[in-house]
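Below are the chains, spelled out letter by letter.
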Amino acid sequence: MLQLLRKIAFPFSLLYALAVYVRNRLYDFGVFTSKSYTTPTICVGNVSVGGTGKTPMTEYLIRMLSDKRVAILSRGYKRKSKGFVLANGQSSVLDLGDEPFQLHRKFPEVAVAVDAGRRNGIEQLESIIKPDVIVLDDAFQHRKVKPTFSILLTAFDQLYVNDWYLPTGNLRDSKREARRADIIVVTKCPVLPTEKERTELVNRLHPLAHQDVLFATLSYAETLKNGEGEGLPLQAIGAKKVALVTGIASPKPLLDYLYSKGMVFDHFQFGDHHHFSDADIQRFSSFELILTTEKDFVRLHGKVNNLYYLEISHHFDPKDRAILENKLKSVV
């Protein structure tokens, strides 16, 4: 039914494509301006909606830049606050949004801020924090800022070159805008590709001469966490009645991983960034163990018992990791 509705909406996708084209040309011709900043800025984003692993990539960069004073700036999607907010000890998921709150909770030493106005957010961080580098989370399409370095993510099973504009497809920006990226990362590869497979994928993406194409798999932790510093090995779940609760764009890789471990569970699937109601929670609260993603955990924590999450991270081969690390060193 959804695919049928997407096909019916094709005329609207043409209008959307036209609007995207006009907007980008206005930036290209200088009618709209992009501003650069003295502080190095690293943009992490995509040209499609959701599901490419932006937050794990931001975490990867935080760890890679651990010797620098790093600040994170995000829009704070679906937060209840307004304007510029700098995370502190009293901040909640409602103040920041789920992904920024996840980053703040995981990396308390890193300045995490949210602001729909990226220019104002950068200027506030420069004034208050004076960071060595600012990572702009999910900002590839926000052209009011011209980042120092851009990382474009595209999922292995849904490359942007094979996609179409919303609402028929998942593109929120033009494929042509990929030329603004310094690095293209193909995420969620089932396994790291062979040299032949790499060449085939690179040829499909048609990168420019200056663009490196890197490949990453998803790596899942072997131990579940509950937010209280306690871990539970996957094999210790045994015959417990498990509910898997996901409110993310693409839960398939997680499902595949859990099935590969022989886990049996009931899957409760919700939309990306879903705010869980009492009625939602009632559906799965009686299970012996509730497993969720780290992003969903911050929205469910304190609302349900026996709640655990599974950490996720990107994994590169040593060669690709070295390329990314060297590129970052040249920026910061």
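Quick summary incoming for the structure in this document.

About the cut-offs
Residues numbered from 1 in each chain as written. Predicted model: local features only at pLDDT ≥ 70, side-chain atom pairs only at ≥ 80, totals over all residues. Heavy atoms only, no water. Pairing = 2+ DSSP bridges. Helix = DSSP H or I, 4+ residues; strand = E, 2+ residues; numbered from the N terminus. Contact = heavy atoms within 4.5 Å. Axes fitted to C-alpha atoms, helices over the stretch in contact; angles between N-to-C directions. Phe/Tyr/Trp six-rings, centres within 6.5 Å; stacked < 30°, edge-to-face > 60°. Buried < 20%, exposed > 50% of the residue type's maximum accessible area, 1.4 Å probe, protein only. Lys NZ or Arg CZ within 6 Å of the ring centre and 35° of its normal. Patch = residues over 30% accessible without salt bridge, like charges linked within 9 Å, V, L, I, M, F, W, Y side chains within 5 Å. Areas by Shrake-Rupley, 256 points an atom, 1.4 Å probe, with all protein chains shown as cover. Salt bridge = Lys/Arg side-chain N within 4 Å of Asp/Glu carboxyl O. 1 Å grid on protein atoms, 1.4 Å probe; cavity = no way out; pocket = protein on both sides within 12 Å on 5 of 7 lines; lining within 4 Å. Points joined across faces, edges and corners; volume = space filled by probe spheres on them. Nonpolar A, V, L, I, M, F, W, Y, C, P; charged D, E, K, R; others polar.

1. Some details on the sheet that holds strand 4 (residues 111-114)
Taken in spatial order, the 9 strands make up an open sheet running 3-4-2-5-1-6-7-8-15, and their pairing is mixed. Because the sheet does not close on itself, it has two edges, and the strands there are strand 3 (85-86) and strand 15 (312-316). Two elements, strand 7 (residues 183-189) and strand 8 (residues 212-220), share 5 bridges in a ladder whose sense is parallel. Bridge pairing in strand 8 places Ile184 opposite Val213. Contacting strand 1 (41-45), strand 2 (70-74), strand 5 (133-137), strand 6 (149-155), strand 7 and strand 15, helix 3 (residues 54-64) crosses the sheet at an angle of about 70 degrees to strand 15. Packed onto the sheet, helix 11 (residues 318-331) meets strand 1, strand 6, strand 7, strand 8 and strand 15 and runs at close to 115 degrees relative to strand 8.

2. Notes on unusual backbone geometry
The bulk of non-glycine residues show a negative phi, and the bulk of peptide bonds are trans. A cis geometry characterises the amide bond from Leu166 onward to Pro167, with omega recorded as 0 degrees. For Pro167, the location among the structural elements is in the loop between strand 6 and strand 7. Residues other than glycine seldom take positive phi values, yet Lys130 does so here, at roughly 55 degrees. Note that Lys130 resides in the loop between helix 6 (118-128) and strand 5. Phi angles above zero are rare outside glycine, and Lys188 is one such case at about 60 degrees.

3. With respect to the packing of aromatic side chains
For the structure shown, the criterion picks out 13 aromatic pairs. Here the aromatic rings of Phe268 and Phe287 are separated by 5.6 Å at their centres, their planes lie at 85 degrees, and the arrangement is edge-to-face. Residue Phe268 is found in strand 12 (residues 266-269), and its partner Phe287 is found in the loop between helix 9 (278-284) and strand 13 (289-293); the two are separated by 19 residues along the sequence. Phe287 sits in the buried class, given a relative accessible area of 6%. A network of ring pairs unites the aromatic residues Phe268, Phe270, Phe276, Phe284 and Phe287 as a single cluster. One cation-aromatic arrangement involves Arg25 over Tyr21; the distance from NZ or CZ to the ring centre is 4.9 Å. Positioned above the aromatic ring of Phe287 is the side chain of Lys241, whose terminal nitrogen or guanidinium carbon lies 4.9 Å from the ring centre.

4. Considerations on a nonpolar patch on the surface
Taken together, Met1, Leu4, Leu5 and Ile8 make up a surface patch of nonpolar side chains, about 470 Å² in accessible area. Along the chain, Ile8 turns up in helix 1 (residues 2-8). Residue classification places Ile8 among the exposed positions, given a relative accessible area of 55%.

5. With respect to the layout of surface pockets
Over the atoms, a rolling probe the size of a water molecule traces out where space has been left empty. Each pocket or cavity is described by its volume, and for the largest pocket that value is around 1,200 Å³. Lining the largest pocket we find 45 residues, and of these Gly50, Gly51, Ala249, Asp272 and Lys295 sit closest to its centre. Contributing elements (two or more residues each) for the lining of the largest pocket: helix 3, helix 5 (98-106), strand 6, strand 8, helix 8 (252-260), strand 13 and helix 10 (294-300). Each residue belonging to the lining of the largest pocket can be placed in one class, and the counts come to 14 nonpolar, 19 polar and 12 charged. Volume-wise, the second largest pocket comes out at about 260 Å³. What lines the second largest pocket is a set of 13 residues, among which Lys188, Cys189, Pro190, Pro253 and Asp256 lie closest to the centre. Counting only elements with at least two residues in the lining of the second largest pocket, the list comes to strand 7, strand 8 and helix 8.

6. Observations regarding the pattern of salt bridges
For the coordinates displayed, the defined rule picks out 25 salt bridges. Asp28 is the partner of Arg143 in a salt bridge, and the nearest nitrogen-oxygen pair spans 2.9 Å. Residue Arg143 is located in the loop between strand 5 and strand 6, and its partner Asp28 is located in helix 2 (residues 10-28); the two are separated by 115 residues in the primary sequence. Given the relative accessible area of 9%, Arg143 is considered buried. The class of Asp28 is partly exposed, set by a relative accessible area of 30%. Its salt-bridge partner being Asp28, residue Arg179 comes within 3.2 Å of it at the nearest N-O pair. Note that Arg179 is positioned in the loop between strand 6 and strand 7 and Asp28 in helix 2, a separation of 151 residues in sequence. Overall, the relative accessible area of 27% leaves Arg179 in the partly exposed class.

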